[in-house]
Amino acid sequence: MSAVHAITPYQDEAAGEPAELAHKCLYYMALMREMEDRIERKLYRQGKILGGVYVGRGQEAIPVGTALLAGPEDVLFPSHRDMAAFLIRGIPARRIFAQYMGRVDGPTRGREGNMHMGDLKLNLVSIISALAATVPVAAGAALALRYQGKNGVAFSYFGDGATSRGDWHEGVNFASVQKLAVIFICNNNQYAYSTPLSAQMACANVADRGAAYNMPAEIVDGNDVLAVHAATERALAHARSGAGPYLLECKTFRMTGHSAHDAAHYVPKDLFDEWGKLDPITRLQTRMLKEDWAGEAELERVHARIRAEVDEAVAWAEQSPYPDPATLLDDVYESR
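I will try to describe carefully the structure that is included in this document. (Residues numbered from 1 in each chain as written. Predicted model: local features only at pLDDT ≥ 70, side-chain atom pairs only at ≥ 80, totals over all residues. Heavy atoms only, no water.)

With that out of the way, let us pick up the overall build of the protein. A count of helices and strands for the protein gives 10 helices and eight strands. On C-alpha atoms alone, the protein measures out to a radius of gyration of 19 Å, which is about the 20 Å that the 2.2 N^0.38 rule sets for 336 residues. In terms of its C-alpha atoms, the protein occupies a principal-axis envelope of roughly 60 × 55 × 40 Å. The burial tally for the protein puts 55% of its 336 residues in the buried class. Once local pairs closer than 6 in sequence are excluded, the contacts in the protein between residues at least 24 apart make up 75%. Put simply, the protein shows about 14800 Å² of open surface, and 53% of that area lies on carbon and sulfur atoms. In the protein, 34 positive and 42 negative side-chain charges are present, and the distance between their average locations comes to 3 Å. (Helix = DSSP H or I, 4+ residues; strand = E, 2+ residues; numbered from the N terminus. Rg over C-alpha atoms; globule rule 2.2 N^0.38 Å. Buried < 20%, exposed > 50% of the residue type's maximum accessible area, 1.4 Å probe, protein only. Contact = heavy atoms within 4.5 Å. Areas by Shrake-Rupley, 256 points an atom, 1.4 Å probe, with all protein chains shown as cover. Lys, Arg positive; Asp, Glu negative; His and termini not counted. Charge placed at Lys NZ, Arg CZ, Asp CG, Glu CD.)

This is how it looks when you write it as structure tokens:
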């Protein structure tokens, strides 16, 4: 039978070297935050980025705590709020900025102007805007890994709203019946665009859906990166053992509108105040100071290093050329 666990606190023994892990988590969370702030609050408003801009402000613990555990054979399907997964997997910050600015040095070589990017050499699959549509694809990837005799796991990321779509249920059901190695990672930020969770589903938790597929489901504090990391270790052990998929519901909050053009007037202000006190970066830094894993000066140096790194990455991306129009039809195929 599947099990739904209470929100799980971080346990030191689950992570090996907690100080080293905390430093790594802080770096990637703070880098993601700084990059997305530049993208949404500066470059987009300066007219240097066109189209939709979606960020994961306040949700950085989820892609960091999960993706740090992915092995080379694992396949990742990030959502539009999981930038850190791209960074951890090996796409440099400068190439991500080039991607957003439509430059030739971005992963899509200037053919797509925001987050629809991936790199199959890194086992990173590009985002599908209807996030639930990636779930059957992730199940298919896990099946392919089995056929290839690999012990890889598919990491399938999506939001709470995706779990109310038919393709989510089809993908999860297939993975469960076939006992495929998939970790389904729900970034439950309480809103599907402007629809609150209470208006999306009758059950209290996304994890409650796991029982219908005889799939273990765990609720984790999505604003505690070390708790997310520990829960992912449990999910990985289950999936790699051949026992089938595992559902992680990471409880968090979207500290911004759905996208850069959305002022989120429909969200009660007190929710921003309440969740702002649970900021994952602030919480990790507080823990690091309390446990003597770092001092104030060291933390300041980390943020200074990241700001300098992002400055350099933006400058590099702005020097990258736009694609040659003559290449417009390169790599475009027609089936007959």
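The next point concerns the pattern of salt bridges. A full pass over the atoms with the stated rule returns 15 salt bridges. With a closest N to O distance of 2.4 Å, D331 and R109 form a salt bridge. Here R109 lies in the loop between α4 (93-100) and α5 (134-147) and D331 lies in the segment after α10 (296-319), a separation of 222 residues in the sequence. (Salt bridge = Lys/Arg side-chain N within 4 Å of Asp/Glu carboxyl O.)

A full pass over the atoms with the stated rule returns seven aromatic pairs. Between F158 and F184 the ring centres are 6.5 Å apart and the planes differ by 50 degrees, which places this aromatic pair in the tilted class. Of this pair, F158 sits in strand β3 (residues 154-159) while F184 sits in strand β4 (residues 182-188), placing them 26 residues apart in sequence. Given a relative accessible area of 0%, F158 falls into the buried group. In textbook terms, an aromatic cluster arises when at least three aromatic residues are bridged by ring pairs, as seen for Y191, F253, Y266, F272 and W275. Just above the ring of W316 sits the side chain of R94; from NZ or CZ to the centre is 5.3 Å. Positioned above the aromatic ring of Y322 is the side chain of R103, whose terminal nitrogen or guanidinium carbon lies 4.1 Å from the ring centre. (Phe/Tyr/Trp six-rings, centres within 6.5 Å; stacked < 30°, edge-to-face > 60°. Lys NZ or Arg CZ within 6 Å of the ring centre and 35° of its normal.)

What follows deals with the pairing of strand β7 (residues 217-221). Among the five residues of β7, five are classified as buried, and the element is accordingly described as predominantly covered. Every second residue of β7 is oriented toward a common face, with A217, I219 and D221 on one face and E218 and V220 on the other, all of them buried. Judged from the five bridges that link them, β7 and strand β8 (residues 246-251) form a sheet pairing that is parallel. Bridge pairing in β8 links E218 to L248. Taking the sense of rotation as the criterion, the β-α-β connection linking β7, helix α7 (residues 225-240) and β8 turns out right-handed. (Pairing = 2+ DSSP bridges. Right-handed = clockwise from strand over helix to strand, strands pointing away.)

Residue pairs three or four apart in sequence face the same way in an α-helix, which turns once every 3.6 residues. The first and last C-alpha atoms of helix α6 (residues 166-177) sit 16 Å apart over 12 residues, in line with the 16 Å expected at 1.5 Å per residue. Turning to α6, its buried residues are D167, W168, G171, V172, A175 and S176. The buried side chains of α6 occupy one side of the element, clustering within an arc of 165 degrees when seen end-on. In α6, the exposed positions that point more than 90 degrees away from the buried face belong to E170 and V177. Tucked into the core, α6 has its buried residues touching α5, β3 and β4. Positive phi appears at K179, one or two residues downstream of α6, with a value of about 50 degrees. (Expected span 1.5 Å × (residues − 1). Arc of directions from axis to C-beta.)

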